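# Overview (structure and organization)
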Amino acid sequence: MKKIISAVFLSALATTAGAATYQIDGHHTNARFSIDHFNTSTNVGGFYNLGGTLEFDPAKRTGSIDLSIPVNSIQTGSQDFTNHLKSADLFNAAKYPEIRFTSTKFNFNGKKLLSVDGKLTMLGKTHPVKLKAQKFNCYDSPILKTQVCGGDFTTTIDRTKWGINYLVDAGMTKQVALTIQIEAGKK
């Protein structure tokens, strides 16, 4: 009898915990970068007011992310540095106003999300990236009054693949560390 009750309970739980669509919360989502500056210090900055959607099905261990990153939202703490990053030397915000990440696969070990494979489009070029999940969780938000899912993701990219070659010939590293923090509310 206990086995039957448990099976019915688990079946009911699986049907209520199915796939859902979540809207990216721009207040709790950002993409930050850091890059070594000639082996002396680290330059940092971030993009804010991100948009998009997250799909997640915990029972099937599947999901997707479609993340839009507005280039003009970049901030560094220095207006001169921020303006230079927006220029044609680097992100060319006038010609390419958006960076986009679209996932191709969520990778799990049991119930734990390990990473997200996807494609990063920047400066008109698209290349595969793997975002390592530092953490991922869903909870009932007392603020948004809905379920929220999200996590912290990291990767390192070679910026020259996207045509950001500024100062590479002078010895500045090609490698850029990215941290993407996502929170999204269930629609």
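Residues numbered from 1 in each chain as written. Predicted model: local features only at pLDDT ≥ 70, side-chain atom pairs only at ≥ 80, totals over all residues. Heavy atoms only, no water.

Another aspect to go through is the packing of aromatic side chains. Per the counting criterion, the structure on display carries six aromatic pairs. Centre to centre, the rings of Phe56 and Phe108 are 6.4 Å apart; their planes meet at 20°, and the pair counts as stacked. On the criterion of sequence distance, the pair formed by Phe56 in strand E4 (residues 51-57) and Phe108 in strand E6 (residues 98-109) is long-range, its members being 52 residues apart. On the accessibility criterion, Phe56 (8% relative accessible area) is buried. In textbook terms, an aromatic cluster arises when at least three aromatic residues are bridged by ring pairs, as seen for Phe56, Phe108, Phe136 and Phe153. (Phe/Tyr/Trp six-rings, centres within 6.5 Å; stacked < 30°, edge-to-face > 60°. Helix = DSSP H or I, 4+ residues; strand = E, 2+ residues; numbered from the N terminus. Buried < 20%, exposed > 50% of the residue type's maximum accessible area, 1.4 Å probe, protein only.)

Mapped onto the elements of the fold, Lys95 is located in the loop between helix H2 (79-86) and E6. Each C-alpha atom of the pair Lys95 and Leu123 lies 8.0 Å from the other, and the pair is 28 residues apart in sequence.

This part covers the nonpolar core. Formed by 41 residues in total, the largest nonpolar core has its most connected members in Phe47, Leu67, Phe91, Leu120 and Met122. Per-element accounting of this core gives the leading share, five residues, to strand E10 (residues 175-186). With residues near it in sequence (within four places) discarded, Met122 still touches Phe91, Ile99, Ile157, Trp162 and Ile164. (Core = buried A, V, L, I, M, F, W, Y, C linked by side-chain atoms within 4.5 Å. Contact = heavy atoms within 4.5 Å.)

Throughout the structure, instances matching the rule amount to one disulfide. Each sulfur of the disulfide joining Cys138 and Cys149 lies 2.0 Å from the other. Given an S-S torsion of about 110°, the disulfide between Cys138 and Cys149 has right-handed geometry. One end of the pair, Cys138, is in strand E8 (residues 125-141); the other, Cys149, is in strand E9 (residues 146-158), with eleven residues separating them in the sequence. (Disulfide = S-S within 2.5 Å.)

Attention now goes to the side chain of Ser115. Residue position: Ser115 is located in strand E7 (residues 112-122). Apart from the residues lying within four places of it in its own chain, the contact partners of Ser115 are Lys105, Phe106, Asn107, Lys130, Leu131, Lys132 and Ala133.

Let's shift gears to the UniProt feature "domain: Lipid/polyisoprenoid-binding YceI-like" (unreviewed entry) in the protein chain. Per the UniProt record, "domain: Lipid/polyisoprenoid-binding YceI-like" (unreviewed entry) is found at residues 21-185. Each end of residues 21-185 is marked by a C-alpha atom, and these two atoms are 8 Å apart; helix forms 5% of the span and strand 60%. (UniProt positions renumbered as here; feature names shortened; annotations may be inferred.)

To continue, consider the pairing of E8. Where E7 and E8 come together, eight bridges link them in antiparallel fashion. Each residue of the ladder has a partner; that of Ser115, found in E8, is Lys132. If you look at the hairpin formed by E7 and E8, you'll find two residues sitting between the two strands, and Leu123 has a positive phi there, around 55°. Relative to E9, E8 runs antiparallel, the two being bridged by nine bridges. In the strand pairing of E9, Ser141 is matched with Thr146. Turn length for the E8-E9 hairpin, with the two strands adjacent in sequence and antiparallel, is four residues, and the turn residue Lys145 shows positive phi of about 60°. (Pairing = 2+ DSSP bridges.)

Relative to the helices and strands, Ser68 is located in strand E5 (residues 62-70). For Ser68, a relative accessible area of 17% corresponds to the buried category. The residues contacting Ser68, other than those within four sequence positions of it, are Leu50, Gly51, Glu98, Ile99 and Arg100.

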